[in-house]
Amino acid sequence: MGFVSSSSSVNLILLLTISFLASTAVAFSNTVAQSVSAGGETKMSSKHILYDVPVSNNGARCRIIIYKKKIQESEVSIVSPAALGGLRDPAYLALNPQGKMPLLTVDSGLSLPESDTICRYLMSEYSGIGPSFQPDNPKSNLIARLHDMYLTTIQGCLYKATPPFGIFGDRKDAIADFCRQLNVIDDVIDSDENGLYLCGEEVSLADATLFPTMIFAKHMLPKFGVPDNEVLPSKIDSWYTAVIAGDPVFAKVHDEILGALSQWDAKGRWDKMLLAGLRDDEPGTIFDKIVSRDIPATIVKEDSKILAFKDINPAAPAHVLVIPKDRNGLSSVRKSSPDHIEILGRLLVAAGEIANDSSLGFGDGARIVINDGPDGGQEVSHIHVHVLGGRQMNWQPERLQMT
């Protein structure tokens, strides 16, 4: 690796940065061939550049293909996006406006984002060497597609600080669906298939696609309370264990990703994440018993997320309480976080619908109140919305004795 020296401080910083990136790349990829011009522009000598980092599960599928086909570094160099200033740097965005990785560039000027597209390009471009990754089995493409549509779209629930996670605004729902989708894929796998890989004796795109995400699942799901022996369905678990033991490339990628995840652990990535480092350990309340039907209540509205019932000590002719069925750490408004945006919205939408229900005694409007903490008059440590109506309300909230 050669560098053209410069006396400017900017080039000195860039030089140190690239030196650091090169040293970390040795642990997970071929040596990066690069040079830095006096003007600070990074130039690569390889025909292709794969912008990726060890922790990327989507990038790892591309690395599996590169490693298994033994594609030389003169053909494909693996470089961190930090070499261009990071995912949000204009230089990187010029190549991939989405600001995501992996990204493959070709010396012709073509830029290919999206891991599946990159994999299929590599499989075609280097079809003459190594395994094809396309056995005569349609389940290879099916498993890869199921993975990309239903796992990667919500995998952020396992490591991102806040929602949304794909279509889910709630981490618990997203994790539950992630686990459900694992079982969907497990059902596709033939239990009597001979060979080390998902489709038999030949490695496939399904193996390269699914394997890195299973490393995520094995490492992360237990942090959210999923027992270690229940993380992966049986057929996936057997394949996962066997391919690590039986294929050095998969073992290498396994170590690459786990090495990066250990750095996330050391930095406390999950320490303040709801359901992982942060859990609802406050005592249960009377509302939990109403939800479980251990205590009767006059229920006026219910769905999978919320429950609304008449207050037994009404402060107005119409007085309904709206609660989340699962408190999920939301004992008061002050405990709310971005994880609670969806349920808070549901509570207020439900309150509005109730206030429009004349059969409950509501007229032209209602007072909607959330008491918070002792000073706010809250006595039940489970967030609840008061919907009051049936008479003209004055602005004298101190006279309302609501819990």
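Residues numbered from 1 in each chain as written. Predicted model: local features only at pLDDT ≥ 70, side-chain atom pairs only at ≥ 80, totals over all residues. Heavy atoms only, no water.

1. A word on the pattern of salt bridges
Moving on, step 1. Enumeration according to the criterion identifies 20 salt bridges in this entry.
Moving on, step 2. When the shortest N-O distance is used, the salt bridge between E302 and R293 registers 2.8 Å.
Moving on, step 3. Since its relative accessible area comes to 39%, E302 is described here as partly exposed.
Moving on, step 4. On the accessibility criterion, R293 (43% relative accessible area) is partly exposed.
Moving on, step 5. Linked through salt bridges whose partners overlap, the residues forming this network are D52, R63 and E256. (Salt bridge = Lys/Arg side-chain N within 4 Å of Asp/Glu carboxyl O. Buried < 20%, exposed > 50% of the residue type's maximum accessible area, 1.4 Å probe, protein only.)

2. Some points on the pairing of strand β4 (residues 76–79)
Regular strands have side chains that alternate between both faces of the sheet.
Moving on, step 1. Alternating positions in β4 separate into two faces, V76 and I78 on one and S77 and V79 on the other, with burial throughout.
Moving on, step 2. The handedness of the strand β3 (residues 48–51) to β4 crossover, carried by helix α2 (residues 57–69), is right-handed. (Helix = DSSP H or I, 4+ residues; strand = E, 2+ residues; numbered from the N terminus. Right-handed = clockwise from strand over helix to strand, strands pointing away.)

3. Here we look at helix α7 (residues 205–220)
Moving on, step 1. Here α7 contains 16 residues, and its C-alpha end-to-end distance of 24 Å stays within 8% of the 22 Å for a straight helix at 1.5 Å per residue.
Moving on, step 2. Maximal helix bending in α7 amounts to about 25°, located at F211; proline P212 follows within four positions.
Moving on, step 3. Taking the backbone nitrogen of A206 as reference, a side-chain oxygen 3.2 Å away marks S204 as the first, capping residue of α7. (Expected span 1.5 Å × (residues − 1). Bend = angle between axes of the 7 residues up to and from the residue. Polar contact = N/O pair within 3.5 Å; in protein donor to acceptor, adjacent residues only side chain to side chain.)

4. What to know about unusual backbone geometry
Moving on, step 1. For the bond running from M101 to P102, omega is 5°, close enough to zero to count as cis.
Moving on, step 2. Mapping P102 onto the fold places it in the loop between α3 (90–93) and β5 (103–106).
Moving on, step 3. In the segment running from P163 into P164, the intervening peptide bond is cis, with an omega of 10°.
Moving on, step 4. By secondary structure assignment, the location of P164 is in the loop between α5 (139–150) and α6 (171–188).

5. Quick look at the nonpolar core
Side chains of nonpolar character tend, in soluble globular proteins, to be buried together.
Moving on, step 1. Membership of the largest hydrophobic core comes to 73 residues, with the highest contact counts inside it found for L122, L210, F211, M214, L221 and W239.
Moving on, step 2. Counting residues per element, this core draws most heavily on α7, at 10 residues.
Moving on, step 3. With residues up to four places along the chain from it excluded, the contact list for L210 reads I143, H147, L151, I185, L198, I236 and W239.
Moving on, step 4. With 17 residues, the next largest nonpolar core counts A318, I343, A351 and V385 among its residues. (Core = buried A, V, L, I, M, F, W, Y, C linked by side-chain atoms within 4.5 Å. Contact = heavy atoms within 4.5 Å.)

6. Concerning the pairing of strand β11 (residues 385–389)
Moving on, step 1. Taking burial as the measure, the five residues of β11 include five buried ones, the bulk of the element.
Moving on, step 2. Side chains V385, V387 and G389 of β11 all project onto a buried face; the interleaved residues H386 and L388 project onto the opposite face, where all are buried too.
Moving on, step 3. When strand β9 (residues 318–324) meets β11, the two strands line up antiparallel, connected through five bridges. Looking at the pairing, V322 lines up with V385 of β11.
Moving on, step 4. Relative to β11, strand β10 (residues 367–369) is paired through three bridges, and the arrangement is antiparallel. (Pairing = 2+ DSSP bridges.)

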